Structures are given as structure tokens and as C-alpha cells.
Amino acid sequence: MSTRLNFLSREFMENPYPYLAVLRQQGPVVQVDPGGMWAITRYDEAQFVLKSPQRFSSEGMRRAFQPEWLGRTNPAVTSMVFMDPPQHGRLRTLVSRAFTPAAIAHLESLIRATARSLVSQLLERRKVDFVEAFSVPIPATLMGFLLGLDISHQASFKRWAHAVLCLGGVRAEDTEQMARSRHTIDEMKMYLEEVLDDRRRRPREDMLSDLLRARVDGASLTHEEVLGFLSLLLIGGLETTTHLLSHSVQVLCLHPELLPQLREQPSLIPSFIEETLRYEPNGSALLRICLQDTLVSDVKIPQGALVLVSLSSASRDEKYFPDGDRFILGRKGAPHLSFGHGPHFCLGAMLARMEGRIALEELVPHVGRLELRTERIDWSYSLNTRGPKSLPIEVFPV
């Protein structure tokens, strides 16, 4: 590889895994573009960076979500994802109450009823965009319930989440996309501000009202902190599960032998979900800022450098995942890093896994075959996530 790999190139986004394999051969720390970032390519080094906030700051995430050209504050960047300890822990404690096993268990009936209804619609329509018809409605319905949002706006929720997550992928010459992104951020912020104003006037029994009532060290959360929470929960809760469901069905289309296995042994569904998360992580990378000159596997990363931790590469590290380019149902070994590692491990991981499990439990018994109806998947462009914008499929009943 004579020139630095560009993580935002179309070729890389279409299929990053051959390129990542070459990077791992070059070393666990390799400079890449855009901007000469330091990419962490292997599992051990990825864990080291993610569990060392005193050396690698989460402020690095702001580079992707608050580009200079945006010209206004992206409300998501005031959330805890972009904070380091102790501020991060102070705010995480509040939200974590809504993601305990007991709290999540109460949501199972809603998820199952939603998935069951959507499966019926899939079987009636047969040819669908799976993202629009299934992957988005399940988490959108759940986030709407948790936050008390009107789920008739779910198309807007998806559009806003996609726009926010892809801010770091907008090319310098694409001024039209910049203008669209600015408009989308303004639209999202206006809607969320209206929701917050409504909750202050008329509190409900939902997570958002709880946040407005919450106190940290005796003080209520600031308007910006609550707005950041709302943005994080809406965007993160939607995109994480959307990508998991879309990747799961993409795998079932490409590996038709798996569907009968899951139908005959539903107990394999959790294992299938874990291998899907490893094989196609819903979060492809995390960004950090190096706070001091630091040696990572004998490579000196300078203070102030932007560090990209490639979760997609670490989850195919040959040391821990032999034959990592193969989807192996029932794979044993090290846990994948698709939900991160360290103090920023995804709070919603248990919920996303449950949504994926229930969705497949409702889908698999009724489907004999799934087939892709496109020769080329249109992927989202982002440093942090990778998922299909649409997934045209045909559903064949049992």
C-alpha cells in the first residue's frame, strides 16, 4: 500500500475488510486519512486505548460530530459520549437507571408486539426495503415509548440520526451536502426543543420527564445537558438497533443455510446476534484525542493527535478471531468490541441485544427464504458507523 488508506473513500466504505486486513499486517498502529489519523487496528491495542481516558480523550469524537463548517452547535455533542471522567460518570449514572435488567425486561412485550406486526406486513408485501419496513420501526417505536415521542415522525428520526452520524463523512468540496446537513441539524434541534418545552409544562411518566426532574449533586441538569441526553438516546438508540437488524438480515440473505438452522434451533439466535455484531459491527470506529505523547505497541502517538480505534478491524484480529472473515455461528473466544470497551461501553447494549433477539424470534419461524434484490448495497458514509441506507429484499414465507 503505497499511499495512506482513506477511511472515507468509496472503495473502503463499500468493503473495508480487505483494507483493514492489510493495515493489521502493517502494524497495530498505522496512520491513515483523512488528516493523518492514527488508526488502531488490533484487539489488544484497541482495548488499551478505550480503557485509558487519562491518555485518550473522548473529545476526539467532537471532530466527527462538530466539524468547523457546520457553523452551529450539534446538540448531540453536549452528551456524555463526548465527555471524560469525572463529568462522564456523573451524567452516566443518571441514564443508567433506565437500562437496568429489570427496566429493560418491562419493554419486551412492546418490542415483541411491534416485531410481530411488522413480520405480518413483510409477509404480505414480500418485496420491501427491509431498513424502512423493519429495521427502523422497531427501535423508533421503542425510543418513542421511552422518551414520549410521536412515532409518526420516525422517518424524520432516521433522517436526523443518519445526518448526525455522517457529519464526519461530508467531503470538503460537497457544499450542497453541507447545506443539507445544516438544515437537518436545525430541524432536529427545533423539534427536540419543542419536546423539552412541552415536558416542562406537562411532565409525563417517561424517561425525558425523569431527566428534567433529576438532580446531580443537588443541582438540576442544564438545558444543554438534557438536550444532549435526548439527542444521544434518540440517535444512539435508533442507529444501534437499526444497523444490527439490517446486518442480521443481510447475513441471512448471503448465507441461506443459516435460516433453517435458526428456525430448527431458536436457542442459537443469541449466538447469531453476537457473531453478527462481530462480523458487521454497528459501530465501526471510535475517535479519541491523544492527551500526551504515548507509546502504543512501540509506536509513539504524539500529543494532540486524532486516534481512530477501528472496532471493525479489532473484531477480525487474527490473534483472537481465527478465520475472522467467515461468519461462524457459535464462534467461541474473546468478546467482540462492537459496543466499545472501558468507561464508555454502550449503555444500551443489553437493550439492543434484546431487540435483535426478539425481532429474529418473531421473524425466523415464518420465513423460508430471504433474498437480496439489489446487486449493490448503498452504504452510509461515516467514520463511526457503517450500515445500509436501504436493503431491498424479497421475503418467502415458510
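Residues numbered from 1 in each chain as written. Predicted model: local features only at pLDDT ≥ 70, side-chain atom pairs only at ≥ 80, totals over all residues. Heavy atoms only, no water.

Caption draft 1: Seen up close, the pattern of salt bridges. Counted according to the given criterion, the structure contains 31 salt bridges. Note that E361 and R112 form a salt bridge whose closest N and O atoms lie 2.8 Å from each other. Remark: R112 occurs in helix α7 (residues 108-125) and E361 occurs in helix α17 (residues 349-363); sequence separation between them is 249 residues. By relative accessible area, E361 is classed as partly exposed at 25%. Among the salt bridges present, the one from R126 reaches E394, with a minimum N-O distance of 4.0 Å. Residue R126 is found in the loop between α7 and β4 (127-129), and its partner E394 is found in strand β12 (residues 392-397); the two are separated by 268 residues along the sequence. Of the residues examined, E394 reaches a relative accessible area of 11% and is grouped as buried. Three or more residues are tied together by salt bridges with common partners; here these are E108, R112, R116, R357, E361 and E362. (Salt bridge = Lys/Arg side-chain N within 4 Å of Asp/Glu carboxyl O. Helix = DSSP H or I, 4+ residues; strand = E, 2+ residues; numbered from the N terminus. Buried < 20%, exposed > 50% of the residue type's maximum accessible area, 1.4 Å probe, protein only.)

Caption draft 2: View of the packing of aromatic side chains. A full pass over the atoms with the stated rule returns 13 aromatic pairs. The interplanar angle of 50° and the centroid separation of 5.9 Å between the aromatic rings of F157 and W160 together place this pair among those described as tilted. With F157 and W160 both in helix α10 (residues 154-165) and 3 residues apart, the pair spans about one turn of that helix. Each member of the pair, F157 together with W160, is buried. Directly above the ring of F396 sits R369, whose terminal nitrogen or CZ lies 3.8 Å from the centroid. When the ring centre of W379 is taken as origin, the NZ or CZ atom of R386, which lies over that ring, is 3.6 Å away. (Phe/Tyr/Trp six-rings, centres within 6.5 Å; stacked < 30°, edge-to-face > 60°. Lys NZ or Arg CZ within 6 Å of the ring centre and 35° of its normal.)

Caption draft 3: Here's a closer look at the packing of α7 against α17. At their nearest, the axes of α7 and α17 sit 9 Å apart, and the two run at 40° to each other. As summarised for this structure, α7 and α17 are arranged oblique, according to the angle between their axes. For the element pair α7 and α17, the recorded crossing hand is right-handed. Along its contact with α7, which presents E108, I111, R112, A115, R116, V119 and L122, the element α17 presents L351, M354, E355, R357, I358, A359, E361, E362 and L363. The class makeup of the residues in the contact of α7 with α17 is 9 nonpolar, no polar and 7 charged. (Axes fitted to C-alpha atoms, helices over the stretch in contact; angles between N-to-C directions. Parallel < 35°, antiparallel > 145°, perpendicular 65-115°, else oblique. Left-handed = near helix turned anticlockwise from the far one by under 90°. Contact = heavy atoms within 4.5 Å. Nonpolar A, V, L, I, M, F, W, Y, C, P; charged D, E, K, R; others polar.)

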